[in-house]
Amino acid sequence: MTSALSVNVFTAPEKAVVGERPRPFGPPMAWDPTTSTLIFGENDAVLVDTLTTVAEAEALANWVALHHRNLTTIYITHGHIDHYAGLSVLLQRFPDARAIATPKSVELMRAQSPRMSAYRKLWPGQLPATIALPDPYDGDVFTLEDHELRIIQQGRTDAADSTSLHVPEIGLVVGGDVVYNQCHMFVGATTPESRQEWIAALDRLAALNPNTVVAGHKKPGAPDGPEIIDATKRYLVDFGRAQQEASSDREIYDTMTELYPDWVSHQAWLMFGL
């Protein structure tokens, strides 16, 4: 009989970004808190997402090592830089781990390569010298100690070709950026149509009836409960309504801040783009 799986979540706190605010309101530029998730059995482990800066990735690697498991696989949920830039640091620490992502996610990462100099200006001297990419993985399932980890293709959410990971035996969903947890969401690049696609992705996760849902971005210390799926959906609906009813960007910003006063990262760029 195979051993049961466990899960642990690492949350990197909000970090400063060098740059001007896209709108003259809200706090100074910063990046929202980001998660990595470790799923582990008796001997082996899988890590989901690898954070952004060298300091974050090194702290993550030290945290993974504390679990005393053999890291077999690193899975990247989607092609946004804050979820894979730390990969080279993790692979240096755990050279026997295989790094994978869906082929479409890898395509998005490659397409972002020309923008790497701009990303380095956001975090001067903080990104790894080498930005490693995962290998394209065509399958829908991979395993951890004979337990199935299922890749859910989610389409357009806060990124193109997003994915989530489902571990049915323990009722776990690692949502990637399909789900946010008490953290203002990156809706600045969305349209009414893409938000409907995003809501459909959330409905797919809800239909799994998970016990635990890990968001790609979360308020540190917030519980990883399934209720965050509905909260994410509600935020998308509220943002769409605010866009329709407001007469200015400032009014949209104030409306969302008033509706979600306890959510972290009240960043104007999350609502209006960089």
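Higher on the page you've got the structure.
Think of each chain on its own: its residues are numbered from 1, step by step along the sequence as written. Where totals are concerned, whole chains, interfaces and linings use all residues; where local detail is concerned, this predicted model gives features only for residues with pLDDT of at least 70, and gives and counts side-chain atom pairs only at 80 or more. Where side-chain values are given, they derive from all heavy atoms of the structure, hydrogens and water being excluded.

(A) Inspection of the sheet that holds strand E9 (residues 141-144) at higher detail. Any two strands with at least two DSSP bridges between them are considered paired. Runs of E in the DSSP output that reach at least two residues are strands. Runs of H or I that reach at least four are helices, and both are numbered from the N terminus. Strand order in this open sheet of 5 strands is E9-E10-E11-E12-E14, and the pairing throughout is mixed. Bordering the open sheet on either side are E9 and strand E14 (212-214), each of which pairs with just one other strand. Between one strand and the next, the sheet's axes are offset by a mean angle of 25 degrees, whatever the strand orientation. By the bridge criterion, 3 bridges tie strand E11 (residues 162-167) to strand E12 (residues 172-174) in an arrangement that is antiparallel. Pairing of Leu165 across the sheet is with Val174, part of E12. Axes here mean lines fitted to C-alpha atoms, for a helix over just the part in contact, with angles spanning 0 to 180 degrees between N-to-C directions.

(B) Just the packing of aromatic side chains, in detail. For Phe, Tyr and Trp, rings pair up if their centres lie within 6.5 Å, where Trp contributes its six-membered ring, and each pair is then called stacked (planes under 30 degrees apart), edge-to-face (over 60) or tilted (otherwise). Evaluation of the coordinates by the stated rule reveals 12 aromatic pairs. The interplanar angle of 45 degrees and the centroid separation of 5.6 Å between the aromatic rings of Phe186 and Trp269 together place this pair among those described as tilted. Here Trp269 lies in helix H8 (residues 268-272) and Phe186 lies in the loop between strand E13 (180-181) and helix H5 (192-206), a separation of 83 residues in the sequence. Comparing Phe186 with Trp269, the two get one shared label, buried. Taken together through their ring pairs, the aromatic side chains of Trp31, Trp123, Phe186 and Trp269 make up a single cluster. Think of it in three bands: with a 1.4 Å probe and only protein chains considered, a residue is buried below 20% of the maximum accessible area for its type, exposed above 50%, and partly exposed in between.

(C) Layout of helix H3 (residues 103-111). Among the residues making up H3, those that are buried are Ser105, Val106 and Met109. With its buried residues spanning 100 degrees around the axis, H3 presents them on a single face. The exposed residues of H3 that point more than 90 degrees off its buried face are Glu107, Arg110 and Ala111. Working note: the arc is built from the helix axis to C-beta atom directions.

(D) Region of interest: the pairing of strand E4 (residues 34-40). Of all 7 residues that make up E4, 7 are buried, and the element is covered over most of its length. Across the two faces of E4 the burial is the same, with Thr34, Ser36, Leu38 and Phe40 and Thr35, Thr37 and Ile39 all buried. In the sheet, strand E1 (residues 6-12) pairs with E4 via 7 bridges, with the strands oriented antiparallel. Each residue of the ladder has a partner; that of Phe10, found in E4, is Ser36. Connecting E4 to the antiparallel partner strand E5 (residues 44-48) that follows it, the hairpin turn spans 3 residues.

(E) Highlighting the packing of helix H6 (residues 227-245) against helix H7 (residues 249-259). Contact pair H6 / H7: the axes reach a minimum separation of 9 Å and the direction vectors enclose 145 degrees. You can see that H6 and H7 cross each other, and the crossing is right-handed. Only Glu251, Ile252, Thr255, Met256 and Leu259 of H7 make contact with H6, whose side of the interface consists of Tyr235, Asp238, Phe239, Ala242, Gln243 and Glu245. Put simply, Ala, Val, Leu, Ile, Met, Phe, Trp, Tyr, Cys and Pro go in the nonpolar bin, Asp, Glu, Lys and Arg in the charged bin, and everything else, Gly too, in the polar bin. The class makeup of the residues in the contact of H6 with H7 is 6 nonpolar, 2 polar and 3 charged. If you view the pair so one helix is near and one far, a crossing is left-handed when the near helix is turned anticlockwise from the far one by less than a right angle, and right-handed when it is turned clockwise. Contact between two residues is taken to exist if any of their heavy atoms lie within 4.5 Å; hydrogens are not considered.

(F) The arrangement of the pattern of salt bridges in detail. When a carboxyl oxygen of Asp or Glu is within 4 Å of a side-chain nitrogen of Lys or Arg, the pair counts as a salt bridge. Summed over all chains, the structure comprises 7 salt bridges. Here Lys218 ties to Asp224 by a salt bridge, and the two come within 2.9 Å at their closest N and O atoms. A residue is classified by how much of its surface remains accessible, and Lys218, at 4% relative accessible area, is buried. Close ionic contact of Arg241 with Asp238 constitutes a salt bridge, the shortest N to O distance being 2.8 Å. Of this pair, Arg241 and Asp238 both sit in helix H6, 3 residues apart, roughly one helical turn.

(G) Seen up close, the pairing of E9. The alternating pattern of E9 places Phe142 and Leu144 on a buried face, while none of Val141 and Thr143, on the opposite face, is buried. Pairing of E9 with strand E10 (residues 147-155), which is carried by 4 bridges, proceeds in the antiparallel orientation. Directly across from Leu144, in E10, lies its bridge partner His147. Hairpin remark: E9 followed by E10, antiparallel, with 2 residues in the connecting loop; positive phi at Glu145, about 50 degrees.

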